[in-house]
Amino acid sequence: MAKERFSRIGFILAAAGAAVGLGNIWKFPYITGIYGGGAFVAVYLITVLLIGFSLLAGEMLVGYKGGKDAVSSFEIAAPEGKKGWKFAGFMLFSGLVIMTFYSVVIGWIFHYIYLAFTGALPTDIESAKATFDTLTSSAPLTATAWHLLSVLFVAFVLLRGIKGGIEKTNLILMPALMLILAGLTLYAMRFDGFTKALHFLFAPDWSKINSEAIVRAVGHAFFTLSIGIGTMVTYAASMSHKQSVFKAAFWVTLLDTLIALTAGVMLYSFIFQFGENPGQGPGLVFKTMPVVLAQLGTTGAVIGAVFFIALAFAGLTSAISLTEPAVEYFIQRFHWSRAKSVTINSTLYFIVGVGAILSYTKAYGDIFSIGSKPLFDALEFSTDSILLPLGGLAIALFVGYALPAKERDALVKHQAAPWLYRAWLFSLRYIAPLGILFMMLNNFGIIKV
Ligand code: PHE
């Protein structure tokens, strides 16, 4: 059977769908809030520009060359005598680790869509806290049911393969997401809060930046671009060879960044307009937004429903891309059928996800913890701060040093302007490895800035 391939626009939207996720609309606004706004955004943008784009193009290149699952693609791309690089492909398992908690958060979003449609979104801050806390700490069955729905949706799409499943879903959900965000942002422009939001996000106050903020900003740049878990290797394995890797990476970086910034401006316009404070952490979207919107009456209820739907769309297209690398791996390397691979992988992260749900409950929190961290937080920390940066480092070293220059040049040199090509290699060889190393040492307290 001929290999299924994405259309050009299908590949850009699928890769953008992978990148644009909960990271952009849920996480970016709240960590920006915690770390004080503009300066944090500036560090994030600089990282995206200097390291993120290069790693993204590098990761796509491995799939473009290999044309298979992440492990096989590294193996094929590696020169003779260096086939051990295939082990870098095992970064694909980070996707399953992320899915254990990512799918749980999508489940929370489903619950909020349900609340919005039944007119039951909380209207004051006390009940908003109670609603969120009940869902996360004392209603594991509800949370598990919504988590299961998210698992089933993703499995359903993946069962239908690259074109009929992944491409088609992204062709519908991504434009819908962008339209919704644009609409909400246009609506928010009427508020005084809009100018405050712009000021908060784009006027850096450098006194607010510390080493922790830098680490988080760098880590977030990786997470949001989906770097270091083999997603882009796996997707690019099915891209057309007539398409340019650099152009695709450019579009994905641009869309991902624009959508994060737009979501940030939109959310903060609402938040500042109604006098809420930005530094509230992960509950920002779940606790603050409903309360803020309640002040707009019926319009607010509609906005709430639409907003959570957009959030679900963003999350689901990323969830698909987090699971596909493992699905593809077992299909290619172990000759499993797609149905078998989807079923086994989905079941696996579903079960660990239930552990993550229980780790937030009062009743079982003690059992489901690792050290002093609830399993949920341990899973999140391990991916954000360890697995993704390691995956990124592997990409940088592989494309920067191990991949024979002749082959690399033959594949993609003609796709970029000479200065860009040189800058790209410089970033992969020096800026990215040093940046990642610095971030990891800082993270573990070995060095402090
Ligand atoms: N980039 C996605 C987000 O911002 C998360 C993700 C990470 C998806 C790694 C795929 C691979 O939510």
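Basis of the calculations
Residues numbered from 1 in each chain as written. Predicted model: local features only at pLDDT ≥ 70, side-chain atom pairs only at ≥ 80, totals over all residues. Heavy atoms only, no water. Helix = DSSP H or I, 4+ residues; strand = E, 2+ residues; numbered from the N terminus. Rg over C-alpha atoms; globule rule 2.2 N^0.38 Å. Buried < 20%, exposed > 50% of the residue type's maximum accessible area, 1.4 Å probe, protein only. Contact = heavy atoms within 4.5 Å. Areas by Shrake-Rupley, 256 points an atom, 1.4 Å probe, with all protein chains shown as cover. Near = heavy atom within 4 Å. Polar contact = N/O pair within 3.5 Å; in protein donor to acceptor, adjacent residues only side chain to side chain. Nonpolar A, V, L, I, M, F, W, Y, C, P; charged D, E, K, R; others polar. Phe/Tyr/Trp six-rings, centres within 6.5 Å; stacked < 30°, edge-to-face > 60°. Lys NZ or Arg CZ within 6 Å of the ring centre and 35° of its normal. Salt bridge = Lys/Arg side-chain N within 4 Å of Asp/Glu carboxyl O. 1 Å grid on protein atoms, 1.4 Å probe; cavity = no way out; pocket = protein on both sides within 12 Å on 5 of 7 lines; lining within 4 Å. Points joined across faces, edges and corners; volume = space filled by probe spheres on them.

Q: How should I be thinking about the overall build of the protein chain in this particular structure?
A: Counting secondary structure elements, the protein chain contains 18 helices and two strands. By the compact-globule yardstick of 22 Å for 449 residues, the protein chain fits well, its C-alpha radius of gyration being 21 Å. Considering the protein chain as a whole, with its 449 residues, one finds that 60% of them fall into the buried category. Contacts spanning at least 24 positions in sequence make up 81% of the contacts within the protein chain whose residues lie at least 6 apart. Here the protein chain has roughly 17,200 Å² of accessible surface; of this, 68% comes from carbon and sulfur atoms.

Q: What is the right way to read the site of the ligand from this model?
A: Taken together, 15 residues sit near the ligand, with A19, G23, Y102, F223 and S226 positioned nearest. Within the backbone of A18, an N or O atom sits 3.3 Å from a nitrogen atom of the ligand. Note that a nitrogen atom of the ligand is positioned 3.0 Å from one of the side-chain N or O atoms of S226. Against a free-state accessible area of 320 Å², the protein chains account for coverage of 100% of the ligand. For the shell around the ligand, a count of residues per class yields seven nonpolar, eight polar and no charged.

Q: Looking at this structure, I do not really get the packing of aromatic side chains. What am I missing?
A: Any pair of aromatic rings gets described here by the distance separating the centres and the angle formed by the planes. Here the structure, examined in full by the defined rule, presents 42 aromatic pairs. Feature note: the residues F101, W108, Y112, F132, F286, F307, F308, Y360 and F376 constitute an aromatic cluster, connected by ring pairs. The cationic tip of K373 hangs over the ring face of F381; the distance from NZ or CZ to the ring centre is 4.6 Å. Over the ring of Y401 we find R429; its NZ or CZ atom is 5.7 Å from the centre of that ring.

Q: Can you walk me through the pattern of salt bridges in this structure?
A: When their charged atoms lie close together, side chains carrying opposite charge are able to pair. Enumeration over the complete set of coordinates arrives at nine salt bridges. As a salt-bridge pair, D205 and K208 come within 3.8 Å of each other at their nearest N and O atoms. D205 sits in the partly exposed class, given a relative accessible area of 32%. For K208, a relative accessible area of 45% translates into the label partly exposed. In the salt-bridge network here, residues are joined through shared partners; they are E75, K86 and R333.

Q: Help me understand empty space enclosed by the protein, please; the structure alone is not making it clear to me.
A: This structure, assessed with the given rule, holds one cavity of 30 Å³ or more. Of the pockets and cavities examined, the largest cavity occupies roughly 120 Å³. Along the wall of the largest cavity there are 14 residues; nearest its centre are A18, Y102, F223, S226 and L322. If you list the elements that add at least two residues to the lining of the largest cavity, you get helix 1 (8-19), helix 5 (93-117) and helix 14 (297-334). Here the element with the most residues in the lining of the largest cavity is helix 14; it accounts for three residues. Among the residues making up the lining of the largest cavity, the classes are represented as eight nonpolar, six polar and no charged.

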